[in-house]
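# Architecture at a glance
What follows is the residue order along each chain.
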Amino acid sequence: MINLLITIAFLLPNNQQTAQNKTIMKFELVKLPYAANALEPVISQITIELHHGKHLATYVNNLNNLVVGTEFENADLETIVKKSDGAVFNNAGQILNHNLYFTQFSPNGGGKPSGELLAAIEKTWGSFEAFQKEFETASTTLFGSGWAWLAADKDGNLHITKEQNAGNPLRNGYKPILGFDVWEHAYYVDYQNRRADHVKELWKIIDWKTVENRY
Ligand code: MN
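First, a word on what this report is: a plain description of the structure on this page. Given the structure is predicted, the values throughout are model-derived calculations rather than measurements.

This brings us to a nonpolar patch on the surface. On the surface, a cluster of nonpolar side chains totalling about 230 Å² of accessible area is made up of I46, L50 and V189. Mapped onto the fold, I46 is located in helix α2 (residues 45-66). The exposure class assigned to I46 is partly exposed, which follows from its relative accessible area of 42%.

The structure is reproduced here in C-alpha cells:
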C-alpha cells in the first residue's frame, strides 16, 4: 500500500506535465496538394523537395523553437505575422507566405480567373493580360529576395505589392490572394538567373479556383 501511494505521488506530476505539453500548439509543415513531380516542367521535383521539404521545414522548426516562452506561444500565424518582428517575424512570415504559395498551384492549373475576382482585376487593370504584365514587372523588378503579391483591401479593391524578404501585405491590412516567391531558392535550380522566365511559366500552374476562394 505504501509502495502504491509512492508510485501514485510519483506519477502525478508527470501526468500533469504531459497534459500541459499537449496544449502547446506546434506549427506544422503544410501538406502539398499534389505530388512533388506534378508541377514539372514549370517547377522541378528537386526544387519542390528543397523548397518545401528543406527551406519551409526549417522555417517551421525555427518558429516552433523561437516562440517557446514568448507572448507568441499558442498564437495563430496571422497574429504573429502582424505583431512580431526580428527572427520571429522572419520565420512566421515565410511560413504564412509559403503556405499560400504551395497551395495555389495545380498540375491542372493555368488559364484565367472567373467571377468576382476576374471582374475586380478587369476593373483595376483593364484586362487580365494587363494585370499579368504588371504582376510580372513587380516580380522581376523586386531587388533581392522577396515576394510579389496580389492583395485585396477592406473594400475588395485589388493591389499588387512588392515585399522584401518575409514581407506579407497582411502587415498593411491587405488580404493576400496570390503570391510569387522571387527568392533565388524558388527558381535558381530550374531557371538559374532567368527570374523573368520563371515568373512567366508560373501562370501555367496557378489554381485560380483556390485563388478565387481567398478573395
Ligand atoms: Mn521560398
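A separate point is the packing of aromatic side chains. Per the stated rule, a full pass over the model turns up 15 aromatic pairs. Measuring from centroid to centroid gives 4.8 Å for F135 and F180, while their planes differ by 85 degrees, and the two rings are edge-to-face. With F135 in helix α6 (residues 128-141) and F180 in strand β3 (residues 175-181), the pair connects residues that are 45 residues apart, well separated along the chain. Since its relative accessible area comes to 0%, F180 is described here as buried. Taken together, the aromatic side chains of W125, F128, F131, F135, F180, W203 and W208 make up a single cluster linked through ring pairs.

For the rest of this paragraph, the subject is helix α4 (residues 86-102). Across its 17 residues, α4 extends 24 Å between first and last C-alpha, which sits within 8% of the 24 Å expected from 1.5 Å per residue. Taking burial as the measure, the 17 residues of α4 include 13 buried ones, the bulk of the element.

This paragraph deals with the coordination of the manganese ion. The protein atoms donating to the manganese ion are H51 (NE2), H98 (NE2), D181 (OD) and H185 (NE2), with metal-donor distances spanning 2.0 to 2.1 Å. Among the residues examined, H98 registers a relative accessible area of 0% and is labelled buried.

Moving on: the packing of α6 against helix α8 (residues 195-202). The description of two packed helices rests on the angle between their axes and on the distance between the axes. Close contact between α6 and α8 brings their axes to 9 Å; oriented N to C, the two are set at 145 degrees. Viewed along their axes, α6 and α8 form a crossing whose handedness is right-handed. For the pair α6 and α8, the contacting residues are E136, S139 and T140 in the first and R195, A196, V199 and K200 in the second. Residue composition of the contact of α6 with α8, grouped by class: 2 nonpolar, 2 polar and 3 charged.

This part takes up the environment of V189. Structurally, V189 can be placed in helix α7 (residues 188-191). The class of V189 is partly exposed, set by a relative accessible area of 45%. Remark: the alpha-carbon pair of V189 and L50, spanning 139 residues in sequence, is separated by 9.8 Å. The residues touching V189, leaving out its near neighbours within four places in the chain, are I46, T47 and L50.

It is worth spelling out the side chain of T161 at this point. Relative to the helices and strands, T161 is located in strand β2 (residues 158-164). The exposure class of T161 is buried, given its relative accessible area of 12%. Among the polar contacts made by the side chain of T161, one reaches the side chain of E163 at a distance of 3.3 Å. With residues up to four places along the chain from it excluded, the contact list for T161 reads W147, A148, W149, P169 and Y174.

Rules behind the numbers
Residues numbered from 1 in each chain as written. Predicted model: local features only at pLDDT ≥ 70, side-chain atom pairs only at ≥ 80, totals over all residues. Heavy atoms only, no water. Patch = residues over 30% accessible without salt bridge, like charges linked within 9 Å, V, L, I, M, F, W, Y side chains within 5 Å. Areas by Shrake-Rupley, 256 points an atom, 1.4 Å probe, with all protein chains shown as cover. Salt bridge = Lys/Arg side-chain N within 4 Å of Asp/Glu carboxyl O. Helix = DSSP H or I, 4+ residues; strand = E, 2+ residues; numbered from the N terminus. Buried < 20%, exposed > 50% of the residue type's maximum accessible area, 1.4 Å probe, protein only. Phe/Tyr/Trp six-rings, centres within 6.5 Å; stacked < 30°, edge-to-face > 60°. Expected span 1.5 Å × (residues − 1). Donors = N, O, S within 2.8 Å, 3.2 Å for Na, K, Ca; no water. Axes fitted to C-alpha atoms, helices over the stretch in contact; angles between N-to-C directions. Left-handed = near helix turned anticlockwise from the far one by under 90°. Contact = heavy atoms within 4.5 Å. Nonpolar A, V, L, I, M, F, W, Y, C, P; charged D, E, K, R; others polar. Polar contact = N/O pair within 3.5 Å; in protein donor to acceptor, adjacent residues only side chain to side chain.

Read these as spatial facts, not as claims about activity.
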